[in-house]
Structure formats: structure tokens, C-alpha cells
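In case you want the letters, here they are:
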Amino acid sequence: LLSLHLGRTITARHLGILGLVVLACDNLATALQRLERYQRLIFDVVPMSRRVGPGWIELVWDISQYHTGRLVDETGFAVFMQFCRSLVRGPANLLAVEFTHATPADVRAYEEFFGCPVQFERPEPVIRISLDLLSSPLKSPDAALVLILEQHAEHLLSQLPQQEDVVEQVRRAISQLLLEGEPDIEKVSVKLRCSTRTLQRRLK
């Protein structure tokens, strides 16, 4: 249950400018819109999108190109849950949580932490949130501060590299190779099934 313990230690301020923007929003729905807009500032490996249903929305992570590990997935979701609870006035539980990895021995601990059913071995990572929770007011809204912080966040976002296909492939290869130590261009080239010279030319 390391991921759940880690998740409890994270606050909005650990997320830098994005955390500050979210802290100043007026409700959770607005905070999630900012999260979608600026997620690349904190996690730029697996893209997130949303699905809408009757009385809920789902946050879904696209793992078709790159699949993060169990600890990353669980800790990320635990941070999200802790984040909501630290922001919202009143109780904050999710409707459902789905993970792609194997079912652990103790599912009950996950359901107690998230306050909802938790499923494993699902096709994609999903967090389902009720519209009632989304409309919940936050503890410290500040519309004027949001505008200032968003300008700074937009500036940071504009400085990130524009994502060409080859750049995305190299970034994912580096993410995977980091598990084995410090990656170099030879290892990345092998991973992408091309020569070092070809990869250099494509990147240039």
C-alpha cells in the first residue's frame, strides 16, 4: 500500500504553478479544467481526456503508446484523491476507480481510501467523478489570483517543446530506458529500431 501512503503526503503546493492555479479556483469543475489545460507542466507522458455520462464525468488516461507502472498509476490516483479532499469543502469521494494492473491481495484498503468501488485489470486507467462533487466549492477561491497565475502557467506551457511524432517516440523511449540507468542515443536508437545517425537527422 506504498502508493496510498505516498498519496496522503502530497498537497496542491507540491504541484508548483498548477497547484497554485487550482487552489484559487472557485469549484472542483473549474480546477479540473485547469488540470486538463496545464497537465503537461507536471506529467507529460500519458495524455488525459474526459468522458461525460449521466451525472458523472470520467478522466481517462491513454496508455495505447506508453504504459506507466503500477506504482506510478496508483500514486497518481492517490494524489488526485488527496488533492480533491484538501481542496473541497466537505466530503469528497469518487464514484469509481479503475486500474489496468493485476488485482492486489487487499482490495478493501483501496476502496476505503478512495471511498468507492475500485477495479483492477481494466482496459484503461479511469477516475469517475460525480457532477455533485464537481460543483463543490473550494476552500480558498480567488478569481483575481487565478488570472495572474494562469498568465504565468500559459507562459510556461508555451516554452515546452512542440510535440512532433519523433520527439514523442524518443521521450517515451527515454522514460522506459530510465528504468535501466542513464539512457544514451545508442540505446534510444536500438529501442526505435533505427541507426544513431538516422535518429539524429530526424531530431534535427
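Throughout what follows, the structure given in this document is the object of discussion. Every value quoted in this text rests on a predicted model; they were computed, and no experiment measured them.

Brief notes about the overall build of the protein chain
(1) Moving on: Regarding its fold elements, the protein chain presents 10 helices and five strands.
(2) Moving on: Burial statistics for the protein chain: of 204 residues in total, 43% are counted as buried.
(3) Moving on: When contacts within the protein chain are restricted to residue pairs at least 6 apart in sequence, those whose partners lie at least 24 apart make up 62%.
(4) Moving on: Summed over its atoms, the accessible surface of the protein chain is roughly 11,400 Å², and 54% of this surface lies on carbon and sulfur atoms.

Side note on the packing of aromatic side chains
(1) Moving on: Under the criterion given, the structure shown has six aromatic pairs.
(2) Moving on: With centroids separated by 5.0 Å and ring planes inclined at 35°, the aromatic side chains of Phe-77 and Phe-99 adopt a geometry described as tilted. A residue pair is termed long-range when its members are at least 10 positions apart, and Phe-77 in helix α4 (residues 70-87) and Phe-99 in the loop between β3 (96-98) and α5 (107-114) qualify at 22 residues.
(3) Moving on: Within the aromatic cluster, the residues linked to one another by ring pairs are Trp-61, Phe-77, Phe-99, Tyr-110, Phe-113, Phe-114 and Phe-120.
(4) Moving on: One residue, Arg-85, lies across the ring of Phe-113, its end atom 5.5 Å from the ring centre.
(5) Moving on: Note that Arg-128 overlies the ring of Trp-56, its terminal NZ or CZ placed 4.0 Å from the centroid.

Structural notes on helix α8 (residues 165-177)
Since the α-helix turns once every 3.6 residues, residues separated by three or four places project in the same direction.
(1) Moving on: Taking 1.5 Å as the rise per residue, α8 with 13 residues should run 18 Å; its terminal C-alpha atoms sit 18 Å apart, in good agreement.
(2) Moving on: Residues of α8 that are buried: Val-166, Glu-168, Val-170, Arg-172, Ala-173 and Leu-177.
(3) Moving on: Buried residues along α8 sit against α9 (185-191) and α10 (196-203).

Brief notes about the nonpolar core
(1) Moving on: Formed by 42 residues in total, the largest nonpolar core has its most connected members in Leu-59, Phe-80, Leu-94, Phe-114 and Ile-129.
(2) Moving on: Going through the elements one at a time, α2 (16-23), α3 (28-38), β2 (56-61), α4, α5, β5 (126-130) and α6 (131-134) are the ones with two or more residues in this core.
(3) Moving on: Among residues more than four places away in sequence, those in contact with Ile-129 are Leu-32, Gly-55, Trp-56, Ile-57, Leu-59, Phe-80, Leu-94, Leu-95 and Leu-134.
(4) Moving on: Residues Ala-173, Val-188, Cys-194 and Leu-199 belong to the second largest nonpolar core, which totals seven residues.

So, the sheet that holds β2
(1) Moving on: In space, the five strands of this open sheet follow the order β1-β2-β5-β3-β4, with mixed pairing throughout. Lying at the two open borders of the sheet, with one neighbouring strand each, are β1 (48-53) and β4 (118-119).
(2) Moving on: Its contacts with the sheet place α3 against β1, β2 and β5, and it is angled at close to 145° to β1.

Concerning the pairing of β1
(1) Moving on: Note: β1 against β2, six bridges, orientation antiparallel. When the sheet's bridge partners are listed, Arg-50 is paired in β2 with Leu-59.
(2) Moving on: Hairpin connection of β1 to β2: two residues between the antiparallel strands, including Gly-55 at a positive phi of 85°.

Here's the deal with the packing of α4 against α5
(1) Moving on: Where α4 meets α5, the axes come as close as 10 Å, and the angle between the chain directions of the two elements is 30°. When the axes of α4 and α5 are compared, the pair comes out roughly parallel. Across from Arg-70, Glu-74, Phe-77, Ala-78, Met-81, Gln-82 and Arg-85 in α4, the residues of α5 making contact are Tyr-110, Phe-113 and Phe-114.
(2) Moving on: Along the lines of polarity and charge, the residues of the contact of α4 with α5 split into six nonpolar, one polar and three charged.

Quick look at unusual backbone geometry
Negative phi is the rule for most residues except glycine; trans is the rule for most peptide bonds.
(1) Moving on: Despite not being glycine, Glu-121 shows a phi value in the positive range, around 60°.
(2) Moving on: Locating Glu-121 in the fold gives a position in the loop between β4 and β5.
(3) Moving on: On the basis of relative accessibility, which here comes to 54%, the residue Glu-121 falls in the exposed class.

Side note on empty space enclosed by the protein
To find the voids left in a structure, one rolls a probe of water-molecule size over its atoms.
(1) Moving on: Under the counting rule described, the total for this entry stands at one cavity of 30 Å³ or more.
(2) Moving on: For the largest cavity, the calculated volume is near 40 Å³.
(3) Moving on: Along its surface, the largest cavity is lined by Val-22, Leu-28, Ala-31, Leu-32, Leu-35, Phe-80, Phe-83, Cys-84 and Leu-87.
(4) Moving on: Elements with a minimum of two residues in the lining of the largest cavity: α3 and α4.
(5) Moving on: Here the residues of the lining of the largest cavity are counted per class, giving nine nonpolar, no polar and no charged.

Each value, and the rule that gives it
Residues numbered from 1 in each chain as written. Predicted model: local features only at pLDDT ≥ 70, side-chain atom pairs only at ≥ 80, totals over all residues. Heavy atoms only, no water. Helix = DSSP H or I, 4+ residues; strand = E, 2+ residues; numbered from the N terminus. Buried < 20%, exposed > 50% of the residue type's maximum accessible area, 1.4 Å probe, protein only. Contact = heavy atoms within 4.5 Å. Areas by Shrake-Rupley, 256 points an atom, 1.4 Å probe, with all protein chains shown as cover. Phe/Tyr/Trp six-rings, centres within 6.5 Å; stacked < 30°, edge-to-face > 60°. Lys NZ or Arg CZ within 6 Å of the ring centre and 35° of its normal. Expected span 1.5 Å × (residues − 1). Core = buried A, V, L, I, M, F, W, Y, C linked by side-chain atoms within 4.5 Å. Pairing = 2+ DSSP bridges. Axes fitted to C-alpha atoms, helices over the stretch in contact; angles between N-to-C directions. Parallel < 35°, antiparallel > 145°, perpendicular 65-115°, else oblique. Nonpolar A, V, L, I, M, F, W, Y, C, P; charged D, E, K, R; others polar. 1 Å grid on protein atoms, 1.4 Å probe; cavity = no way out; pocket = protein on both sides within 12 Å on 5 of 7 lines; lining within 4 Å. Points joined across faces, edges and corners; volume = space filled by probe spheres on them.

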